[in-house]
Amino acid sequence: MKIFLFLLRYIHTIIMANKLLLLGDEAIALGALDAGLSGIYAYPGTPSTEITEYVQNSETAKEKNIHCSWSTNEKTAMEAALGMSYAGKRAMVCMKHVGLNVAADPFINSAITGANGGLIVVSADDPSMHSSQNEQDSRFYGKFAMVPILEPSNQQEAYDMVRYGFDFSEKYQIPVLLRITTRMAHSRSGVVRGECREQNTLHLPTDLRQFVLLPAIARKRYIKLLESHQRFIEESETSQFNMYHEGPDKSMGILVAGIALNYLMENFPDRVVPYPFLKIGQYPMPRQMVEKLVEECDEVLILEEGYPVIEELIRGYIPGKKKIRGRFDGTIPRTGELNPNILAVALGLPNTKGLSIPDLMVGRPPQLCSGCPHIDSYLALNEVLEALPKGRVFSDIGCYTLGALKPYEAINSCVDMGASITMAKGAADAGFVPSVAVIGDSTFTHSGITGLLDAVNDKSPVTVIILDNATTAMTGGQDSAGTGRIEGICKGVGVEEAHIRVIRPLKKYHAENVIIMREELNYNGVSVIIPRRECIVSVDKRMRIKFKTKQ
Amino acid sequence: MKKDIILAGVGGQGIISIASVIGYAALQEKMFLKQSEVHGMSVRGGDVMSNLRISHHEIASDLIPFGQADLIISVEPLESLRYLEYLSPDTGWLVTNLTPFNNMQHYPDIEKVMAEINKLPRHVALDADKLAKEAGSAKSANIVILGAASPFLGLPFEKFEDAIRFIFRSKEKSVIEKNLEALKLGRDFADKNI
Ligand SMILES: Cc1ncc(C[n+]2csc(CCOP(=O)(O)OP(=O)(O)O)c2C)c(N)n1
Ligand code: SF4
């Protein structure tokens, strides 16, 4: 079997003419494996999920005993990675952009403690919100924490930046933020691999108080961080990822970051840009290079994916002499992803146009799979709530959020992971009773348990419906941290056993389920209902694997 | 040679497999490739699309500019029209399946959808589901569509056959054969109808 796998990989490499065809996410994962990774810590989230999955599926990770199982949430992931770094080994944390909100506390503080073994935090932004609640820009967090940020413009850079990032992290004892966007994460192109190197051996920080952020120590560490920041700027000036390109036409200078570089180049078919441009792939910004560009050119166009982070920095508050163009002055749309056409317009080049979309076109929104257990839960809940005024179901993030759409229209909120229980509690505190929370099993273990404890302590009249489909379905069916233990957790938190009700979300039990839901909604205290049936996509996947191994 | 291709369909219809087959064939020819796809929400029966670019020269953008696509390949008729703004108005071809996938509240009148497809100067529209069944594999409608698109991809037909043999290499022999047949039925249709 092993030989077969080896051969396959061998053939694979040859056909790609020494290049592997990889998603940006996969390039990051392979980059980490080849650079001597000891552990990857993550909670799934589009578009970052495939990084961890690549490591989980890799033979190398198995052979070398690299940690790669899912964490309960992004905060636990960040902290575990910091612990691995403390112990001297290389660790990577991966999350989608909103995950960094959850991990913000350890992330910001890890800049003060610093790292020991190389530590990289990957945060995947989602401009245009292809599958997210917002389009926040992780570079703000990097700047806030004052850590270096790497931002690849293609899959090869994504691969190379991981090794560079680990080295940088170890050299300066600082966590490094690797920022990608959806297009980088989910686009494939050729990658040439570098050498594979060994993992670090266990070695503790030389100063065993480095990670003790008592005020007296933290003040010193903070000053050290501020001093290091100067070094980071110097590194940015000479980094292979920041490049100044001369150009004869000084009427405009271009500052271009990350994947925007590809859209810029697309607009010059011979790949020669007539204007001077500065390509940014490493932050903090290389100050001297920026000054050169601003001095040399009549105006500056800023092309960056996400928020106008660089633009805000360059503009400042006091109007300068130079005209600066970007998202603030409307040269580039204020929201959403970039594309080659947006850049063509910004560059004053002719815009290309295709055919027009016929008027009959309608959207095809995603929806719950037919046979999905959540459907039966919502049908029962809707029936119970029919007689009451609408607007009392607080929900959360997962496949079940699609219950907001027609034909169910069963939920009234989706804010951040875990907010269903706490919002229902707050509304109940305000006197809005009955108040219902609907949360998925993975979301519950991610951030729901603490909120349930609040509700129990206050004896709030809320009914919490934990949709247990035994998986993290929305992001592709990863393991769910509390599978098989949801009742136990609720009991442990202090929910009365008589008010923890497990039901089967199936058509044939509909009448029975309606009765149970009604009983618990009428209970004046915390009750939990657990509709339990495995996600059908995950059943299907399990069956296929079983069938395959039988063969 | 350079081809910019939009692949369109509904989550689960196999557009990524089409991309893999074309991608493999292109890499065999030592071409460069960039392919961008959207994962996540869209897999739950929503619309999905992928930008596939193959070229003998290095490719810059992961996204195809509007009006530059040489080809739209769609596994579903309504979806074939969703990305028309990418299609080159002068040279672009549209290859689409005729079997609608109706999982929506208000799917437009199929006659009107057909009328819009027929308005296009360069298109191939076929009942890929029917041809796939003829090939003995109802699930291979995507491969039928690929066959119908193969004359516009700038690569010899055998390259796609080789690619199918490679991509499905771990499957039973009969599966490979049915897919090769599906590919051929699509190609024959296109050859007769262009
Ligand atoms: C902080 C944060 N991390 C990750 C995500 C991505 N995410 C959205 S839904 C979801 C999974 C939800 O799983 P579960 O609660 O079990 O519901 P299911 O999809 O299985 O119905 C994840 C990981 C997110 N939106 N926010
Ligand atoms: S993937 Fe699973 S949980 Fe999500 S909609 Fe489909 S059946 Fe339901």
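Everything quoted here is computed from the prediction, not taken from an experiment.

**Considering the packing of helix 5 (residues 74-86) of chain A against helix 7 (residues 104-113) of chain A**
Residues and elements named next belong to chain A. The N-to-C vectors of helix 5 and helix 7 enclose an angle of 15°; their axes lie 10 Å apart at closest approach. It follows that helix 5 is roughly parallel to helix 7 by the angle criterion. In this structure, the crossing between helix 5 and helix 7 has a hand that is right-handed. Across the interface between the two elements, K75, M78, E79 and L82 from helix 5 touch P106, F107, S110 and T113 from helix 7. In terms of residue class, the contact of helix 5 with helix 7 is built from four nonpolar, two polar and two charged.

**Thoughts on the side chain of E76 of chain B**
With respect to the helices and strands, E76 of chain B occurs in the loop between strand 4 (71-74) and helix 2 (77-82). When its relative accessible area of 0% is taken as the criterion, E76 of chain B is described as buried. Within polar-contact distance, the side chain of E76 of chain B engages the backbone nitrogen of F101 of chain B at 2.6 Å. Apart from residues lying up to four places away in sequence, E76 of chain B is in contact with R364 of chain A together with V10, Q13, T96, N97, T99, P100, F101 and Y107 of chain B.

**Quick notes on the domain arrangement of chain A**
According to the domain assignment, chain A consists of domain 1 (20-237), domain 2 (243-346) and domain 3 (373-538). Look at where the C-alpha atoms of domain 2 of chain A and domain 3 of chain A centre, and you get two points 48 Å apart.

**Observations concerning the site of ligand 2**
Residues in close proximity to ligand 2 include L368, C369, C372, H374, C399, N469, A473, C535, I536 and V537 of chain A together with R44 of chain B, which together make up its full environment. One chain alone does not account for the residues near ligand 2; they come from chains A and B. Residues belonging to the shell around ligand 2 are distributed by class as follows: eight nonpolar, two polar and one charged.

**A short note on the nonpolar core**
Residues and elements named next belong to chain A. Grouped together as the largest cluster of nonpolar side chains are 105 residues, with contacts concentrated most on M92, I254, L255 and L264. With eight residues, helix 9 (residues 155-172) is the single largest residue contributor to this core. Mapped onto the domain boundaries, this core takes at least three residues apiece from domain 1 (20-237) and domain 2 (243-346). If we skip the residues at most four places from it in the chain, L264 touches I254, V256, V273, F277, L303, L343 and L347.

**Quick notes on the site of ligand 1**
All names here are of chain A. In the vicinity of ligand 1 lie 26 residues, with E74, H374, D441, T443 and A473 positioned nearest. Note that an oxygen atom of ligand 1 is positioned 2.7 Å from one of the side-chain N or O atoms of D441. At 2.9 Å, a side-chain N or O of N469 approaches an oxygen atom of ligand 1. If you tally residues by element for the shell around ligand 1, the top one is helix 18 (residues 441-458), at four residues. A breakdown of the residues in the shell around ligand 1 according to their chemical character gives 10 nonpolar, 13 polar and three charged. Residue contributions to the shell around ligand 1 reach at least three from each of two domains, namely domain 1 (20-237) and domain 3 (373-538).

**Comments concerning helix 3 (residues 110-119) of chain B**
All names here are of chain B. Residues V113, M114, E116 and I117 constitute the buried set of helix 3. The buried residues of helix 3 occupy an angular sector of 160° when projected down its axis, which confines them to one face. The exposed residues of helix 3 that point more than 90 degrees off its buried face are E111, K112 and K119. For helix 3, the secondary structure elements touched by its buried residues are helix 2, strand 5 (93-97) and strand 6 (123-126). The residue sitting at the N-terminus of helix 3 and contributing the capping side-chain oxygen is D109; that oxygen lies 3.1 Å from the backbone nitrogen of E111.

**Brief notes about unusual backbone geometry**
Residue and element names in this part refer to chain A. Here T46 and P47 are connected by a cis peptide whose omega angle stands at 5°. Residue P407 is bonded to the preceding K406 through a cis peptide linkage, with omega at 0°. Relative to the helices and strands, P407 resides in the loop between strand 14 (393-394) and helix 17 (419-429). With phi around 50°, Q173 is a residue other than glycine that occupies positive phi space. As for its placement among the helices and strands, Q173 is situated in the loop between helix 9 and strand 6 (176-181).

**Topic: the side chain of D126 of chain A**
Residue and element names in this part refer to chain A. Checked against the element boundaries, D126 lands in the loop between strand 4 (119-125) and helix 8 (139-145). Among buried Asp, Glu, Lys and Arg side chains, D126 stands out as unpaired, with K96 the closest opposite charge at 5.0 Å. Reaching out from D126, the side chain makes a polar contact with the backbone nitrogen of H130 at a distance of 3.2 Å. At 2.7 Å, the side chain of D126 and the side chain of S132 are in polar contact. Ignoring sequence-local partners within four residues, the contact set of D126 consists of H97, S131, S132, N134, E135 and T182.

Parameters at a glance
- Residues numbered from 1 in each chain as written.
- Chains lettered and ligands numbered in written order.
- Predicted model: local features only at pLDDT ≥ 70, side-chain atom pairs only at ≥ 80, totals over all residues.
- Heavy atoms only, no water.
- Axes fitted to C-alpha atoms, helices over the stretch in contact; angles between N-to-C directions.
- Helix = DSSP H or I, 4+ residues; strand = E, 2+ residues; numbered from the N terminus.
- Parallel < 35°, antiparallel > 145°, perpendicular 65-115°, else oblique.
- Left-handed = near helix turned anticlockwise from the far one by under 90°.
- Contact = heavy atoms within 4.5 Å.
- Nonpolar A, V, L, I, M, F, W, Y, C, P; charged D, E, K, R; others polar.
- Buried < 20%, exposed > 50% of the residue type's maximum accessible area, 1.4 Å probe, protein only.
- Polar contact = N/O pair within 3.5 Å; in protein donor to acceptor, adjacent residues only side chain to side chain.
- Domains from an automatic or database assignment.
- Near = heavy atom within 4 Å.
- Core = buried A, V, L, I, M, F, W, Y, C linked by side-chain atoms within 4.5 Å.
- Arc of directions from axis to C-beta.
- Lys, Arg positive; Asp, Glu negative; His and termini not counted.
- Salt bridge = Lys/Arg side-chain N within 4 Å of Asp/Glu carboxyl O.

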